[in-house]
Amino acid sequence: MADCIFCKIASGEINAKVVYDDADVVAFLDLNPQAPTHALIVPRRHIDRLTAATEADAELLGKLQLAAAKVAKVLKVEGAFRLVTNNGKGAGQSVDHLHYHLLGGRKLLWPPG
Ligand code: 5GP
Ligand code: ZN
(Lines give C-alpha, C1' and ligand atoms only; values in the text may rest on other atoms or scores of the structure.)
(Ligands and ions follow the chains in the order given, each with its own letter.)
Protein backbone atom coordinates (compact mmCIF):
# COMPACT_ATOMS: atom_id res chain seq x y z
CA MET A 1 0.00 0.00 0.00
CA ALA A 2 1.42 3.40 -1.00
CA ASP A 3 2.62 5.59 1.86
CA CYS A 4 2.44 2.82 4.45
CA ILE A 5 5.61 2.83 6.52
CA PHE A 6 5.41 -0.86 7.43
CA CYS A 7 4.80 -1.88 3.79
CA LYS A 8 7.97 0.08 2.98
CA ILE A 9 9.92 -1.66 5.75
CA ALA A 10 8.62 -5.04 4.54
CA SER A 11 9.76 -4.30 0.99
CA GLY A 12 13.14 -2.94 2.13
CA GLU A 13 12.42 0.56 0.87
CA ILE A 14 12.84 1.89 4.43
CA ASN A 15 15.54 0.52 6.72
CA ALA A 16 14.80 -1.25 9.98
CA LYS A 17 16.65 -3.63 12.28
CA VAL A 18 15.10 -6.84 10.99
CA VAL A 19 15.31 -9.69 13.50
CA TYR A 20 13.26 -12.29 11.60
CA ASP A 21 11.70 -12.62 8.17
CA ASP A 22 10.12 -15.25 5.96
CA ALA A 23 7.89 -15.30 2.88
CA ASP A 24 4.88 -13.85 4.73
CA VAL A 25 6.15 -12.10 7.86
CA VAL A 26 8.78 -9.51 8.83
CA ALA A 27 9.85 -8.62 12.38
CA PHE A 28 11.99 -5.64 13.29
CA LEU A 29 12.97 -3.62 16.35
CA ASP A 30 10.67 -0.76 17.35
CA LEU A 31 12.16 2.71 16.74
CA ASN A 32 10.86 3.92 20.12
CA PRO A 33 11.20 0.89 22.42
CA GLN A 34 8.93 0.58 25.45
CA ALA A 35 10.98 -2.24 26.97
CA PRO A 36 14.58 -3.50 26.68
CA THR A 37 13.26 -5.90 24.04
CA HIS A 38 10.59 -4.43 21.75
CA ALA A 39 10.00 -5.89 18.31
CA LEU A 40 7.14 -5.47 15.84
CA ILE A 41 5.83 -8.46 13.89
CA VAL A 42 3.98 -7.56 10.69
CA PRO A 43 2.53 -9.39 7.70
CA ARG A 44 4.22 -8.47 4.40
CA ARG A 45 0.74 -8.03 2.92
CA HIS A 46 -1.05 -4.89 4.04
CA ILE A 47 -3.97 -5.37 6.42
CA ASP A 48 -5.12 -2.23 8.27
CA ARG A 49 -5.72 -3.88 11.65
CA LEU A 50 -6.89 -7.13 13.19
CA THR A 51 -10.56 -6.25 12.70
CA ALA A 52 -9.88 -5.76 8.97
CA ALA A 53 -8.72 -9.37 8.64
CA THR A 54 -11.07 -11.91 7.08
CA GLU A 55 -11.39 -15.69 6.97
CA ALA A 56 -9.03 -15.59 3.99
CA ASP A 57 -6.34 -14.29 6.36
CA ALA A 58 -6.68 -17.13 8.89
CA GLU A 59 -3.49 -18.91 7.81
CA LEU A 60 -1.53 -15.66 7.75
CA LEU A 61 -2.71 -14.79 11.28
CA GLY A 62 -1.50 -18.19 12.48
CA LYS A 63 1.86 -17.60 10.80
CA LEU A 64 2.20 -14.26 12.59
CA GLN A 65 1.80 -15.95 15.96
CA LEU A 66 4.28 -18.68 15.13
CA ALA A 67 6.71 -16.04 13.86
CA ALA A 68 6.29 -14.13 17.13
CA ALA A 69 7.33 -17.23 19.09
CA LYS A 70 10.42 -17.54 16.87
CA VAL A 71 11.24 -13.85 17.39
CA ALA A 72 10.98 -14.35 21.17
CA LYS A 73 13.56 -17.13 20.89
CA VAL A 74 15.85 -15.12 18.60
CA LEU A 75 15.74 -12.23 21.10
CA LYS A 76 16.14 -14.61 24.06
CA VAL A 77 12.95 -13.60 25.87
CA GLU A 78 10.96 -16.78 25.19
CA GLY A 79 10.52 -17.39 28.93
CA ALA A 80 8.69 -14.09 29.55
CA PHE A 81 7.28 -11.73 26.98
CA ARG A 82 4.04 -10.01 26.01
CA LEU A 83 2.46 -10.03 22.55
CA VAL A 84 -0.10 -7.30 21.95
CA THR A 85 -1.85 -5.50 19.10
CA ASN A 86 -3.36 -2.05 19.38
CA ASN A 87 -6.54 -2.17 17.29
CA GLY A 88 -7.84 1.33 16.54
CA LYS A 89 -6.81 4.83 17.57
CA GLY A 90 -8.47 4.57 20.98
CA ALA A 91 -6.25 1.60 21.76
CA GLY A 92 -3.13 3.49 20.70
CA GLN A 93 -2.79 2.32 17.10
CA SER A 94 -0.67 4.91 15.27
CA VAL A 95 0.39 2.90 12.21
CA ASP A 96 -2.45 1.49 10.11
CA HIS A 97 -0.75 -1.77 9.13
CA LEU A 98 -1.48 -4.78 11.36
CA HIS A 99 1.38 -5.34 13.80
CA TYR A 100 2.02 -7.20 17.02
CA HIS A 101 4.28 -5.68 19.66
CA LEU A 102 6.57 -8.20 21.34
CA LEU A 103 7.78 -6.77 24.65
CA GLY A 104 10.21 -8.29 27.11
CA GLY A 105 13.38 -7.87 29.09
CA ARG A 106 11.71 -6.20 32.08
CA LYS A 107 8.91 -6.91 34.57
CA LEU A 108 5.64 -6.44 32.67
CA LEU A 109 2.78 -5.08 34.75
CA TRP A 110 -0.81 -6.24 34.55
CA PRO A 111 -3.28 -4.72 33.87
CA PRO A 112 -1.52 -2.66 31.17
CA GLY A 113 -2.23 1.07 30.97
P1 5GP B 1 1.13 1.41 17.39
O2 5GP B 1 1.20 2.71 18.15
O3 5GP B 1 0.48 1.62 16.03
O4 5GP B 1 0.54 0.27 18.14
O5 5GP B 1 2.62 0.99 17.13
C6 5GP B 1 3.40 1.56 16.13
C7 5GP B 1 4.83 1.38 16.55
O8 5GP B 1 5.64 1.60 15.40
C9 5GP B 1 5.31 2.37 17.61
O10 5GP B 1 5.75 1.64 18.75
C11 5GP B 1 6.43 3.13 16.93
O12 5GP B 1 7.51 3.38 17.80
C13 5GP B 1 6.83 2.22 15.80
N14 5GP B 1 7.33 2.87 14.60
C15 5GP B 1 6.76 3.93 13.96
N16 5GP B 1 7.48 4.25 12.88
C17 5GP B 1 8.53 3.38 12.84
C18 5GP B 1 9.61 3.22 11.93
O19 5GP B 1 9.78 3.93 10.94
N20 5GP B 1 10.50 2.23 12.21
C21 5GP B 1 10.36 1.41 13.30
N22 5GP B 1 11.29 0.46 13.47
N23 5GP B 1 9.33 1.53 14.16
C24 5GP B 1 8.44 2.51 13.93
ZN1 ZN C 1 1.11 -1.47 4.94
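Refer to the structure presented above.
Residues numbered from 1 in each chain as written. Chains lettered and ligands numbered in written order. Predicted model: local features only at pLDDT ≥ 70, side-chain atom pairs only at ≥ 80, totals over all residues. Heavy atoms only, no water.

S.K.: Explanation requested: the overall build of the protein in the structure shown.
M.R.: Across its full length, the protein carries two helices and five strands. The helix and strand sequence of the protein, counted from the amino end, reads α-β-β-β-α-β-β. Overall size of the protein, expressed as C-alpha extent along the three principal axes, is 35 × 30 × 25 Å. Out of the 113 residues belonging to the protein, those deemed buried represent 36%. Intrachain contacts of the protein at a sequence separation of at least 6 include 56% that bridge at least 24 residues. For the protein, the accessible area works out to roughly 6800 Å², and carbon and sulfur atoms hold 55% of it. (Helix = DSSP H or I, 4+ residues; strand = E, 2+ residues; numbered from the N terminus. Buried < 20%, exposed > 50% of the residue type's maximum accessible area, 1.4 Å probe, protein only. Contact = heavy atoms within 4.5 Å. Areas by Shrake-Rupley, 256 points an atom, 1.4 Å probe, with all protein chains shown as cover.)

S.K.: Mind showing me how you'd approach the coordination of the zinc ion (ligand 2) here?
M.R.: Under perfect tetrahedral coordination by four donors, a metal shows angles of 109.5 degrees; under perfect octahedral coordination by six donors, it shows angles of 90 or 180 degrees. Ligation of the zinc ion (ligand 2) by protein atoms is provided by Cys4 (SG), Cys7 (SG), His46 (ND1) and His97 (ND1), these donors lying 2.1 to 2.3 Å from the ion. Metal-centred angles of 105 to 116° between the four donor atoms at the zinc ion (ligand 2) mark the site as tetrahedral. One chain supplies every donor for the zinc ion (ligand 2), spaced along it as C-x2-C-x38-H-x50-H. Of this pair, cysteine 4 sits in the segment before α1 (5-11) while histidine 46 is found in the loop between β3 (37-43) and α2 (58-74), placing the two residues 42 residues apart along the sequence. A single burial state applies to cysteine 4 and to histidine 46, both of which are buried. (Donors = N, O, S within 2.8 Å, 3.2 Å for Na, K, Ca; no water. Tetrahedral: all angles 85-135°; square planar, octahedral: opposite > 155°, others 65-115°.)

S.K.: Where do I start with the layout of surface pockets in this structure?
M.R.: Once rolled over the atoms, a probe with the size of a water molecule shows which space is left empty. The space that makes up the largest pocket amounts to roughly 830 Å³. If you trace the largest pocket, you find 31 residues lining it, with Asp30, Asn32, Gln34, His38 and His101 closest to the centre. Among the elements that line the lining of the largest pocket, the one with the most residues is α1, at three residues. (1 Å grid on protein atoms, 1.4 Å probe; cavity = no way out; pocket = protein on both sides within 12 Å on 5 of 7 lines; lining within 4 Å. Points joined across faces, edges and corners; volume = space filled by probe spheres on them.)

S.K.: How do you make sense of the packing of aromatic side chains when you look at a structure like this?
M.R.: Note on aromatic pairs: each is described by the distance of the centres and the angle between the planes. By the definition in use, this model includes one aromatic pair. Between phenylalanine 6 and phenylalanine 28, the ring centres sit 5.4 Å apart and the planes meet at 70°, which makes this aromatic pair edge-to-face. Placement of phenylalanine 6 in helix α1 and of phenylalanine 28 in strand β2 (residues 25-29) is noted, with a sequence separation of 22 residues between them. Summarising the burial analysis for this pair, phenylalanine 6 and phenylalanine 28 share the class buried. (Phe/Tyr/Trp six-rings, centres within 6.5 Å; stacked < 30°, edge-to-face > 60°.)

S.K.: Please explain the site of ligand 1 as it appears in this structure.
M.R.: Not every one of the 16 residues close to ligand 1 is listed here, only the nearest: Asp30, Asn86, Gly92, Ser94 and His101. Interatomic distance of 2.9 Å between a side-chain N/O atom of histidine 99 and an oxygen atom of ligand 1. Notes on ligand 1: free accessible area 520 Å², of which the protein chains cover 83%. In this structure, ligand 1 is accommodated by the largest pocket. Counting only elements with at least two residues in the shell around ligand 1, the list comes to α1 and β2. With three residues, the single largest contributor to the shell around ligand 1 is α1. Tallied by class, residues from the shell around ligand 1 come to eight nonpolar, seven polar and one charged. (Near = heavy atom within 4 Å. Polar contact = N/O pair within 3.5 Å; in protein donor to acceptor, adjacent residues only side chain to side chain. Sits in = over half its atoms within 2 Å of the grid points. Nonpolar A, V, L, I, M, F, W, Y, C, P; charged D, E, K, R; others polar.)

Purely geometric stuff here, so don't read any function into it on its own.
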